[in-house]
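Okay, here's what each chain looks like letter by letter:
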Amino acid sequence: MEDTVYSILPLTKTFLEKNLDSDATLSSELSAKNEEYQFITNISKQIAADEIDHSFSVSSDNIAVTLARAAYFLASKGDFKRSEQYFNQALSYEVNNGLVWYHWARAERDFSNNLKDEYFKKALKYSSDDDKQEILFEWGKTLASFNRHKESIKVFERLLKITPDNKNVLHMIGKSHYQIGRNLWRKGNFFEMKRSYQASLIAFRKSLHDNPSTHFEKNHNVVGYYFMSKISRFIGQIGDAVTYVHRGLKLQPNNFRLLEFAEDLSELSKRRAQTSA
């Protein structure tokens with residue numbers, strides 16, 4: 001009976017309070033379970049106040065998700081052994097819980113520098129439609145951070161089918177095409193490089209906010225203009241590069257990267273004028 005009880009014992013406060021003193025033979029084990037429950041509860045509270053960017057949208061009443069939150073937190077503190085134990089324990093409750101797999105995929109990425117495609121795939125398979133958008137975005141972003149930009153673009157394109165005008169997704173696609181272009185340039189494949197840069201420009205243009213008003217929207221556009229100016233410079237469209245720099249500086253006049261690039265473009269224009277003369 002003991003094995004059966006503890007293999008299915010839910011870590012809930014009500015159950016523990018009801019059974020803690022009901023049987024002397026169970027008291028020690030239940031006390032340990034109570035301590036575990038209190039640990040998970042405290043961890044969950046710490047997560048809410050922690051500086052790490054969390055976007056968990058499920059109530060902590062779900063024991064599997066609570067365990068996954070605790071596991072993520074433990075990983076953030078470098079306790080990878082216990083983190084893995086908690087993730088496995090979460091899956092022992094709900095192996096088909098998409099958010100458990102999602103939190104594990106993020107923990108592997110954020111704290112172990114690992115990319116677990118299979119975790120993201122399971123997260124998508126078992127998640128609700130509302131959660132799929134966030135999972136796809138994080139998966140695409142993770143692929144890009146591991147220099148797997150072609151795969152990243154495919155994942156982001158899946159997300160665009162759900163949210164066609166998502167400017168953040170278009171921005172990320174622009175970055176991935178840009179990086180592909182840079183890699184092709186290093187290999188001397190200038191024809192394919194130009195195609196990638198053109199695709200990047202298209203994505204960045206679509207990603208721009210028409211009338212940026214918030215700090216986020218302005219910064220979003222400034223980064224886009226910066227990449228667009230660099231791409232235009234690479235493919236010899238100096239006039240366009242200057243235009244994009246000026247548009248960026250109109251939004252952020254003291255942006256160091258844009259100011260520096262504006263100087264480079266000015267020097268390049270002077271050298272070209274001297275050569276032509």
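On a predicted model such as this, the values are computed, not experimentally measured, just so you know.

Chemist: Tell me about the overall build of the protein chain, residues and numbers included.
Modeler: Scanning the protein chain for helices and strands turns up 14 helices and 0 strands. In the protein chain, the order of α-helices and β-strands from amino to carboxyl end is α-α-α-α-α-α-α-α-α-α-α-α-α-α. A separation of at least 24 residues holds for 53% of the contacts in the protein chain among residues at least 6 apart in sequence. About 15600 Å² of surface is accessible on the protein chain, with carbon and sulfur atoms providing 48% of the total.

Chemist: Summarise unusual backbone geometry; cite the residues concerned and give the values.
Modeler: Note: most residues except glycine have negative phi, and most peptide bonds are trans. Residue Asn113 is not a glycine yet carries a positive backbone phi of 55°. As for its placement among the helices and strands, Asn113 is situated in the loop between helix 6 (98-112) and helix 7 (117-126). Since its relative accessible area comes to 57%, Asn113 is described here as exposed. Phi angles above zero are rare outside glycine, and Asn147 is one such case at about 65°. Mapped onto the secondary structure, Asn147 falls in the loop between helix 8 (129-145) and helix 9 (149-162).

Chemist: Any chance you could break down helix 6 for me, citing the residues and the numbers?
Modeler: End to end, helix 6 covers 20 Å across 15 residues, agreeing with the expected 21 Å (1.5 Å per residue, within 8%). Considered for burial, the residues of helix 6 that qualify are Gly98, Leu99, Val100, Trp101, Tyr102, His103, Trp104, Ala105, Arg106, Ala107, Glu108 and Arg109. The inward-facing, buried residues of helix 6 abut helix 4 (63-76), helix 5 (80-93), helix 7 and helix 8. For helix 6, the N-terminal cap is Asn97; the gap from its side-chain oxygen to the backbone nitrogen of Leu99 is 3.0 Å.

Chemist: Explain the environment of Ala107 residue by residue, including any values.
Modeler: Turning to its location among the elements, Ala107 is positioned in helix 6. Note: C-alpha distance between Ala107 and Ser76 (31 residues apart in sequence) is 7.5 Å.

Chemist: Mind laying out the environment of Lys116, listing which residues take part and the relevant values?
Modeler: Counting through the fold element by element, Lys116 comes out in the loop between helix 6 and helix 7. In the structure, Lys116 is positioned 11 residues away from Ala105 in sequence and 5.8 Å away in space, judged by C-alpha atoms.

Chemist: Just give me the short version of the nonpolar core, but keep the residues and values in it.
Modeler: In terms of nonpolar packing, the biggest core is built from 39 residues, with Phe120 and Trp139 touching the most fellow members. For this core, the secondary-structure elements that each account for two or more residues are helix 4, helix 5, helix 6, helix 7, helix 8, helix 9 and helix 10 (167-187). In terms of residues, this core owes the most to one element, helix 4, which gives 10 residues. Setting aside its immediate chain neighbours within four residues, Phe120 contacts Tyr102, Ala105, Leu115, Ile135, Glu138, Trp139 and Thr142. Judged by nonpolar contacts, the second largest core, of 26 residues, contains Met193, Tyr197, Ala241 and Tyr244.

Chemist: Tell me about the packing of helix 4 against helix 6, and name the residues and values.
Modeler: One can describe the packing of helix 4 onto helix 6 by two numbers: an axis separation of 9 Å at closest approach and a directional angle of 5°. By the angle between their directions, the pair helix 4 and helix 6 is classed as roughly parallel. Note on element contacts: helix 6 touches helix 4 through Leu99, Val100, His103, Arg106, Ala107, Asp110 and Phe111, opposite Ala64, Val65, Ala68, Tyr72, Ala75 and Ser76.

Chemist: Outline the packing of helix 10 against helix 11 (residues 190-207), listing residues and values.
Modeler: Two elements in contact, helix 10 and helix 11, have axes whose closest approach is 8 Å; the angle formed by their N-to-C orientations is 165°. In terms of their interaxial angle, helix 10 and helix 11 are classed as roughly antiparallel. Considering the relative orientation of helix 10 and helix 11, their crossing is left-handed. Split by residue class, the contact of helix 10 with helix 11 holds 12 nonpolar, 7 polar and 5 charged.

Chemist: Let's hear about the pattern of salt bridges: which residues, and what values?
Modeler: Here the structure, examined in full by the defined rule, presents 6 salt bridges. Between Glu138 and Arg109 there is a salt bridge, with the nearest N and O atoms lying 2.6 Å from each other. Note that Glu138 is positioned in helix 8 and Arg109 in helix 6, a separation of 29 residues in sequence. This pair shows no difference in class: Glu138 is buried, exactly as Arg109 is. As a salt-bridge pair, Asp117 and Arg148 come within 2.8 Å of each other at their nearest N and O atoms. In this pair, Asp117 is assigned in helix 7 and Arg148 in the loop between helix 8 and helix 9, connecting sequence segments 31 residues apart.

Chemist: Can you lay out the layout of surface pockets for me, pointing to particular residues and giving the numbers?
Modeler: Approximately 170 Å³ is the volume found for the second largest pocket. For the second largest pocket, the full set of lining residues is Asn147, His149, Lys150, Ile180, Asn183, Leu184, Lys187, Glu192 and Ser196. Broken down by secondary-structure element, the contributors of at least two residues to the lining of the second largest pocket are helix 9, helix 10 and helix 11. In terms of residues, the lining of the second largest pocket owes the most to one element, helix 10, which gives 4 residues. For the lining of the second largest pocket, a count of residues per class yields 2 nonpolar, 4 polar and 3 charged.

What counts and how
Residues numbered from 1 in each chain as written. Predicted model: local features only at pLDDT ≥ 70, side-chain atom pairs only at ≥ 80, totals over all residues. Heavy atoms only, no water. Helix = DSSP H or I, 4+ residues; strand = E, 2+ residues; numbered from the N terminus. Contact = heavy atoms within 4.5 Å. Areas by Shrake-Rupley, 256 points an atom, 1.4 Å probe, with all protein chains shown as cover. Buried < 20%, exposed > 50% of the residue type's maximum accessible area, 1.4 Å probe, protein only. Expected span 1.5 Å × (residues − 1). Polar contact = N/O pair within 3.5 Å; in protein donor to acceptor, adjacent residues only side chain to side chain. Core = buried A, V, L, I, M, F, W, Y, C linked by side-chain atoms within 4.5 Å. Axes fitted to C-alpha atoms, helices over the stretch in contact; angles between N-to-C directions. Parallel < 35°, antiparallel > 145°, perpendicular 65-115°, else oblique. Left-handed = near helix turned anticlockwise from the far one by under 90°. Nonpolar A, V, L, I, M, F, W, Y, C, P; charged D, E, K, R; others polar. Salt bridge = Lys/Arg side-chain N within 4 Å of Asp/Glu carboxyl O. 1 Å grid on protein atoms, 1.4 Å probe; cavity = no way out; pocket = protein on both sides within 12 Å on 5 of 7 lines; lining within 4 Å. Points joined across faces, edges and corners; volume = space filled by probe spheres on them.

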